[in-house]
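# What the coordinates show
Each chain, letter by letter, is given below.
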Amino acid sequence: MLKLVVCIKQVPMVSELPWNSKTGTLRREMAEGMINPACKHALESALVLKQEHNCHITVITMGPPMAEEVLYEAIAMGADCGILLTDPRMAGADTLITSRTLAATIETRCPDFDLILCGCHTSDSETGQVGPQLAENMNIAGAAYIEHMELNGRTLRMKRVVDEFLETLEMDLPGLVTINTRTYIPRYVPLDGLQNAFEKQDIKLIDADELGIDPKTIGMKASPTRILDVYSPVEEKKNVVMKGAVKKMVDRLFDEYGDRISAAIGKDLKTHDHDEEQT
Amino acid sequence: MDFNPCMKHKLVRKSAREFAETELGPVAGEIDQNARFPEEVIEKMRSLNYFGLQIPKKYGGAEIDSISYATVIEELSRVCAGIGLCVTVHNSVGAYPIVRFGTSEQKKRFLPALASGERIGAFCLTEANAGSDAGGVETNAVAEKDGFVINGTKIFVTNGGVCGTALVFAITDHENPRKRASVFVVENDTPGFSVGEIEDLCGMRANQVSSLFFEDCRVSRQNLIGRLGDGLKIGLMALDTGRIGIAAQALGIAQGAFDASVKYSKERQQFNKPISSFQTIQNYLADMATEIDAGRLLLYRACSFKDAGRPFGAEAAKAKLYCSELASRITSRAVQIHGGYGYSKEYDVERYFRDAKVTEIYEGSSEVQRMVISRAVLSQLS
């Protein structure tokens with residue numbers, strides 16, 4: 001049996017979330033959580049593998065107790081069991097520490113895993129780092145932004161689009177993939193699956209002590225990344241009225257806005273000598 | 001007493017909402033206009049167990065609790081009431097009487113096809129001369145050697161045009177007023193069973209409401225649900241259960257109209273301000289939100305009574321009465337907030353407004369609910 005581990009994250013459901021217009025930040029205390037959309041694609045890819053092969057899927061998430069909800073949802077969709085890493089000391093971990101904590105969990109709780117699947121990024125931080133860092137920490141092969149997988153024995157053949165080229169890759173298991181959001185469209189939650197997930201209650205809650213990890217190596221204190229500021233992008237749209245002789249205006253237009261005009265029309269204006277053309 | 005929705009109920013709502021908004025949302029207006037049953041969406045609902053909500057697992061159902069059930073109906077109806085109606089009638093009055101009163105043979109025979117949605121259920125009580133007065137039913141079932149011969153016409157049958165399994169309320173004993181009626185399962189491939197024209201109704205137009213005709217329709221004794229003469233008892237119990245579903249449906253319509261009104265009031269500018277900045281609109285929204293919350297609490301209480309095995313008839317009647325009447329008030333107010341646009345088919349509130357009215361009429365009119373509630377009140381010892 002193939003042992004799959006899917007790492008998922010609970011993120012705030014932005015559409016349902018009150019926005020503090022004065023500070024420009026999300027009011028996370030009022031947040032409804034959901035499975036990070038990209039993680040749902042990773043889960044779907046695991047479920048597709050399960051349909052084709054004999055697989056067991058463990059879903060892991062790290063977060064506050066309410067993050068258990070995403071594990072139930074994953075089990076309702078077809079995963080077999082869940083692990084919730086929950087400990088106030090784990091809070092505020094950056095991607096490096098998150099990937100180390102996940103690695104410690106997988107090494108101790110799922111040591112005989114064959115494939116780890118992650119989303120390619122999260123909607124609340126967009127770093128896309130946890131998957132690749134996890135592969136590095138566990139010293140296994142990793143491939144990011146995968147759109148298609150085919151398993152032959154212990155060899156995983158994968159496809160991904162990079163810079164408009166379609167790449168085909170192969171790796172031997174065990175390994176890790178991060179799944180792109182263009183394929184593996186997540187299935188809907190079946191209502192009988194939901195009922196079964198809550199009856200089965202196959203979710204383990206693990207804190208740092210149970211994980212056997214040094215508290216100094218987890219959470220915000222151990223994280224080298226510091227968030228200095230969080231702010232909403234400022235809208236900088238403004239109208240500019242140019243006055244003066246036509247030639248000067250055109251020169252100024254190309255000097256100040258040439259790059260943006262090039263980007264808009266898809267043509268590099270720097271190779272084009274407008275002065276000559278005008279004369 | 002915990003008023004916080006549990007994790008399971010939150011997930012049920014989220015899952016049903018995602019499905020309804022993604023699959024029913026884009027077609028809700030069109031299927032209303034064309035009175036079309038969206039088979040392409042229904043097929044997806046079959047595999048997700050929307051047709052087996054409260055059917056036991058061993059027959060292929062989801063066997064979810066009543067609050068989960070009401071939540072699913074509410075979320076479907078928030079987007080498309082006609083399909084919310086299809087699912088609730090199928091599950092409550094279509095399948096539940098078999099779950100509750102059927103023999104194990106009948107359950108094995110009928111429930112798997114109902115749970116999978118292969119056969120959609122209908123409940124046939126209303127006739128030309130029998131609505132609120134179930135005693136006026138004229139369809140009769142005459143006993144013969146191996147079974148019964150059913151003759152009669154049922155009207156305004158929800159799911160009538162697409163039903164595979166109909167529960168038919170028919171007279172089996174003209175003499176005994178308390179034991180006059182019985183309930184039979186009639187499948188749509190039974191000779192003598194036929195479907196009338198789809199009704200051209202004001203609302204709920206995606207639901208294939210029609211007449212059903214029974215002409216010398218022969219069914220075996222194994223198609224009789226409960227005992228001979230149990231019809232009234234089964235019918236009343238089915239309606240108690242059905243009322244939870246219709247209350248949920250009405251609440252979903254109201255919630256949909258309310259959500260649309262909040263969104264519109266923030267977008268619509270008059271006098272250089274969004275209309276949500278005017279106190280009149282704020283008061284409207286506050287009243288709507290309060291009524292919806294009150295209706296939801298009444299509904300969930302009826303659900304929890306049902307799941308606890310307590311009598312829930314009066315609680316279901318109160319929930320149905322209040323939710324259906326609030327749905328009419330709130331959808332009317334939603335049209336008012338939308339102004340002229342609300343009266344146009346371009347906006348969903350016009351459909352919600354038409355859909356809401358019938359929730360005050362079917363599964364026991366508001367007048368009948370008041371009768372049920374007042375009986376419960378007056379029968380209590382002072």
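Residues numbered from 1 in each chain as written. Chains lettered and ligands numbered in written order. Predicted model: local features only at pLDDT ≥ 70, side-chain atom pairs only at ≥ 80, totals over all residues.

## Concerning the overall build of chain A
Within chain A one finds nine helices and 14 strands. Its C-alpha atoms give chain A a radius of gyration of 24 Å, more than 25% over the compact-globule value 19 Å for 279 residues. The buried share of chain A, taken over its 279 residues, is 36%. When contacts within chain A are restricted to residue pairs at least 6 apart in sequence, those whose partners lie at least 24 apart make up 70%. (Helix = DSSP H or I, 4+ residues; strand = E, 2+ residues; numbered from the N terminus. Rg over C-alpha atoms; globule rule 2.2 N^0.38 Å. Buried ≥ 20, exposed ≤ 12 C-beta atoms within 10 Å, placed from the backbone. Contact = placed C-beta atoms within 7 Å.)

## So, the overall build of chain B
Within chain B one finds 11 helices and 10 strands. Here chain B has a C-alpha radius of gyration of 21 Å; the compact-globule value for 382 residues is 21 Å, and the two agree. Seen through its principal axes, chain B has C-alpha atoms that stretch 80 × 55 × 40 Å. Within chain B, the proportion of its 382 residues that are buried is 53%. Pairs at least 24 apart in sequence give 74% of the contacts found in chain B among residues at least 6 apart.

## Quick look at the confidence of the model for chain B
In the predicted model, chain B carries a mean pLDDT of 95, and the fraction of residues at 70 or more is 100%. Interface confidence for the predicted complex, given as ipTM, is 0.91, next to a pTM of 0.90. (pLDDT = per-residue confidence, 0-100.)

## Quick word on the sheet that holds strand 9 (residues 141–146) of chain A
Residues and elements named next belong to chain A. The strand order across the open sheet formed by seven strands is 9-13-8-1-6-7-14, and the pairing between neighbours is parallel. Of all strands in the sheet, those with a lone pairing partner are strand 9 and strand 14 (203–206), marking the two edges. Neighbour to neighbour, the strand axes of the sheet diverge by 20° on average, direction disregarded. Against the sheet, helix 1 (residues 37–52) contacts strand 1 (2–7), strand 6 (55–62), strand 8 (115–119) and strand 13 (175–179), and its axis sits at roughly 145° relative to strand 8. Along the sheet face, helix 2 (residues 68–77) touches strand 6, strand 7 (81–85) and strand 14 and points at about 165° away from the line of strand 7. (Pairing = 2+ DSSP bridges. Axes fitted to C-alpha atoms, helices over the stretch in contact; angles between N-to-C directions.)

## What to know about the domain arrangement of chain B
Residues and elements named next belong to chain B. Partitioning chain B into domains gives domain 1 (7–119), domain 2 (121–230) and domain 3 (233–379). A C-alpha centroid distance of 22 Å is found between domain 1 and domain 2. Opposite the 28 residues of domain 1 that make contact, domain 2 presents 20 residues. Elements represented by at least two residues in the side of domain 1 that touches domain 2 include exactly helix 2 (28–33), helix 5 (81–101) and helix 6 (104–115). Broken down by element, the residue count for the side of domain 1 that touches domain 2 peaks at 13 residues, all from helix 5. (Domains from an automatic or database assignment.)

## Considerations on the interface of chain B and chain A
At the interface, 17 residues of chain B touch 12 residues of chain A. Among the elements that make up the side of chain B that touches chain A, the one with the highest residue count is helix 1 (residues 7–24) of chain B (eight residues). A class-by-class count of the residues in the side of chain B that touches chain A yields 10 nonpolar, three polar and four charged. (Nonpolar A, V, L, I, M, F, W, Y, C, P; charged D, E, K, R; others polar.)

## Remarks on the nonpolar core
Residues A:Val6, A:Leu43, B:Val168, B:Phe184 and B:Leu299 are the most contacted members of the largest nonpolar core, which totals 185 residues. Those residues within four positions of B:Leu299 in sequence are excluded, and the remaining contacts are B:Ala70, B:Ile244, B:Ala247, B:Ala248, B:Leu251, B:Ala319 and B:Cys323. (Core = buried A, V, L, I, M, F, W, Y, C linked by C-beta atoms within 7 Å.)

## As for the domain arrangement of chain A
When cut into domains, chain A gives domain 1 (2–222) and domain 2 (246–278). Taking only C-alpha atoms, the centre of domain 1 of chain A and the centre of domain 2 of chain A are 48 Å apart.

## Quick look at helix 4 (residues 130–138) of chain A
For helix 4 of chain A, the set of buried residues is A:Val130, A:Gly131, A:Gln133, A:Leu134, A:Ala135 and A:Met138. Looking at the buried side of helix 4 of chain A, the elements it contacts are helix 3 (95–109), strand 8, strand 9 and strand 13 of chain A.

## A closer look at unusual backbone geometry
Residue and element names in this part refer to chain A. In the segment running from Leu-173 into Pro-174, the intervening peptide bond is cis, with an omega of 5°. Along the chain, Pro-174 turns up in the loop between strand 12 (165–172) and strand 13. The phi dihedral of Tyr-184 is positive, around 50°, even though this residue is not glycine. Structurally, the position occupied by Tyr-184 is in the loop between strand 13 and helix 5 (191–200). In this structure, Gln-201 takes a positive phi of about 50° despite not being glycine. Here Gln-201 shows up in the loop between helix 5 and strand 14. You can call Gln-201 exposed: it has 10 C-beta atoms within 10 Å.

## Some thoughts on the packing of helix 7 (residues 231–267) of chain B against helix 8 (residues 279–307) of chain B
Residue and element names in this part refer to chain B. Packing of helix 7 against helix 8 brings their axes to within 10 Å, and their N-to-C directions diverge by 155°. On the basis of the axis angle, helix 7 is roughly antiparallel to helix 8. Read as a crossing pair, helix 7 and helix 8 show a hand that is left-handed. Counted together, Ile-244, Ala-247, Ala-248, Leu-251, Ala-254, Gln-255, Phe-258, Ser-261, Val-262 and Ser-265 of helix 7 and Ile-281, Leu-285, Met-288, Ala-289, Ile-292, Gly-295, Arg-296, Leu-299, Ala-302, Cys-303 and Lys-306 of helix 8 form the full contact between these two elements. Its residues assigned to classes, the contact of helix 7 with helix 8 comprises 15 nonpolar, four polar and two charged. (Parallel < 35°, antiparallel > 145°, perpendicular 65-115°, else oblique. Left-handed = near helix turned anticlockwise from the far one by under 90°.)

## So, the sheet that holds strand 11 (residues 155–162) of chain A
Residue and element names in this part refer to chain A. Spatially, the three strands line up as an open sheet ordered 10-11-12, and their pairing is antiparallel. Lying at the two open borders of the sheet, with one neighbouring strand each, are strand 10 (148–152) and strand 12. Sheet twist, expressed as the average angle between the axes of neighbouring strands with direction ignored, equals 20°.

## Quick look at the confidence of the model for chain A
Per-chain confidence: chain A averages 89 in pLDDT, with 91% of residues scoring 70 or above. Long-range and interchain partners of residues 275–279 of chain A, a stretch whose pLDDT sits below 50, account for one contact in this model, where long-range means more than four residues apart.

## Some remarks on the packing of helix 9 (residues 313–338) of chain B against helix 10 (residues 348–357) of chain B
Residues and elements named next belong to chain B. Taken N-terminus to C-terminus, the directions of helix 9 and helix 10 make an angle of 160°; their axes are 8 Å apart at the nearest point. When the axis of helix 9 is compared with that of helix 10, the two are roughly antiparallel. Taken as a pair, helix 9 and helix 10 cross one another with a handedness that is left-handed. In contact with Ala-327, Ser-328, Thr-331, Ser-332, Ala-334, Val-335 and His-338 of helix 9, helix 10 contributes Val-349, Glu-350, Tyr-352, Phe-353, Ala-356 and Lys-357. Here the contact of helix 9 with helix 10 is composed, by residue class, of seven nonpolar, four polar and two charged.

## Digging into helix 10 of chain B
In terms of burial, helix 10 of chain B is a largely internal element, eight of the 10 residues being buried. Among the residues of helix 10 of chain B, those classed as buried are B:Asp348, B:Val349, B:Glu350, B:Arg351, B:Tyr352, B:Phe353, B:Asp355 and B:Ala356.

## Describing the pairing of strand 1 (residues 120–124) of chain B
All names here are of chain B. Most of strand 1 is tucked away: five of the five residues are buried. In strand 1, alternate side chains face the same way, and those of Ile-120, Ala-122 and Cys-124 on one face and Gly-121 and Phe-123 on the other are all buried. Pairing between strand 1 and strand 4 (residues 163–171): five bridges, direction parallel. Among the inter-strand pairings, Cys-124 is bridged to a residue of strand 4, identified as Val-168.

## A look at the pairing of strand 13 of chain A
All names here are of chain A. Here strand 13 lies mainly inside the structure; five of its five residues are buried. Burial of strand 13 is two-sided: the residues Gly-175, Val-177 and Ile-179 facing one way and the residues Leu-176 and Thr-178 facing the other way are all buried. Examined bridge by bridge, strand 8 and strand 13 share five bridges and lie parallel to one another. Paired with Gly-119 across the bridge in strand 13 is Ile-179. Here strand 9 pairs with strand 13 via four bridges, running parallel. Across the sheet, Ala-141 pairs through a bridge with Gly-175, a residue of strand 13.

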